[in-house]
Amino acid sequence: MTDTNRISVRHPLDLAHHIGCETIGDWFVIDQKLIQEFAELSGDHNWIHLDVDRARRELPTEETIAHGLLTLCVTPRLGAGQLEIEALGMSINYGINHLRFTSMVPAGKRIRMRSTIMTVEPRSDGGVRVATKRVVEIEGAGKPAMVAETVTLIYPKEMESAQRLTTPLDTAIPSTHK
């Protein structure tokens, strides 16, 4: 099943039938409390994230702004429910091919993510490597907050866990994706 909110497949390899398909997640508020909690976790205490009065005076947003890495870190939440794989054993974040923070996310704004499957490649260890374009939008803004291409390794549940990881993560069937 494919609609603008979800792709449903039985097996990870079935994602190949959905290359180019886009899903759209739900809106999520990036509030000042979340920004402050992320500042504590990350150690990034830059005033642009925390000083509400100074931000009102000095930033074009007139609000504090979310850390770019906070925007990246909430993408699993933003993508929740966009992809359903019936025979999912596990998925592993493999990396990011491309990442840009293209616009500031002011505190209190709602964001959502559009995800598009770009490539689906079987691996020699039985897994599947999936590259996904992720665009995080800010409600009412003309420019996205973040554009990324993430890479995920997906393993079907019928494989025994010992069999899954006998091949190093960086060993795959050669890719034509650049």
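Residues numbered from 1 in each chain as written. Predicted model: local features only at pLDDT ≥ 70, side-chain atom pairs only at ≥ 80, totals over all residues. Heavy atoms only, no water.

**Q** Sorry if this is basic, but what is going on with the layout of surface pockets here?
**A** To find leftover empty space, a probe the size of one water molecule is rolled over the atoms. The volume enclosed by the largest pocket comes to roughly 680 Å³. Lining the largest pocket are 29 residues, with Pro76, Leu83, Asn93, Arg134 and Thr152 positioned closest to its centre. Looking at the lining of the largest pocket, the element that brings in the most residues is strand 5 (residues 88-101), giving six residues. Its residues assigned to classes, the lining of the largest pocket comprises 16 nonpolar, 12 polar and one charged. (1 Å grid on protein atoms, 1.4 Å probe; cavity = no way out; pocket = protein on both sides within 12 Å on 5 of 7 lines; lining within 4 Å. Points joined across faces, edges and corners; volume = space filled by probe spheres on them. Helix = DSSP H or I, 4+ residues; strand = E, 2+ residues; numbered from the N terminus. Nonpolar A, V, L, I, M, F, W, Y, C, P; charged D, E, K, R; others polar.)

**Q** Would you explain the side chain of Thr23 in this entry?
**A** Residue placement: Thr23 occurs in strand 2 (residues 22-24). Judged by relative accessible area, which is 3%, Thr23 ranks as buried. A distance of 3.1 Å separates a polar atom in the side chain of Thr23 from a polar atom in the side chain of Gln82. (Buried < 20%, exposed > 50% of the residue type's maximum accessible area, 1.4 Å probe, protein only. Polar contact = N/O pair within 3.5 Å; in protein donor to acceptor, adjacent residues only side chain to side chain.)

**Q** Quick question: what am I supposed to make of the nonpolar core here?
**A** Grouped together as the largest cluster of nonpolar side chains are 18 residues, with contacts concentrated most on Ile30, Leu70, Val74, Leu78, Val105, Ile111 and Val136. If you look at the next biggest cluster of nonpolar residues, it comprises nine residues, including Val9, Ile85, Val128 and Val130. (Core = buried A, V, L, I, M, F, W, Y, C linked by side-chain atoms within 4.5 Å.)

**Q** Would you mind going over the confidence of the model for the protein chain with me for this structure?
**A** Do not read the predicted coordinates in detail wherever pLDDT is low. Considering every residue of the protein chain, the mean pLDDT works out to 90; 87% of them sit at 70 or more. Residue range residues 172-178 is modelled with pLDDT below 50. Its contacts to residues more than four positions away, or to other chains, number 13 contacts. (pLDDT = per-residue confidence, 0-100. Contact = heavy atoms within 4.5 Å.)

**Q** Looking at this model, I keep getting lost on helix 1 (residues 32-42). Mind explaining?
**A** Since the α-helix advances by 3.6 residues per turn, residues separated by three or four positions end up pointing in the same direction. What helix 1 keeps buried is the set Gln32, Ile35, Phe38 and Ala39. Mapping the buried residues of helix 1 onto a view down its axis gives an arc of 125 degrees, with all of them on the same face. Looking at helix 1, the residues exposed on the side facing more than 90 degrees away from the buried face are Lys33, Glu40 and Leu41. Phi turns positive, to about 85 degrees, at Gly43, one or two residues after helix 1. (Arc of directions from axis to C-beta.)

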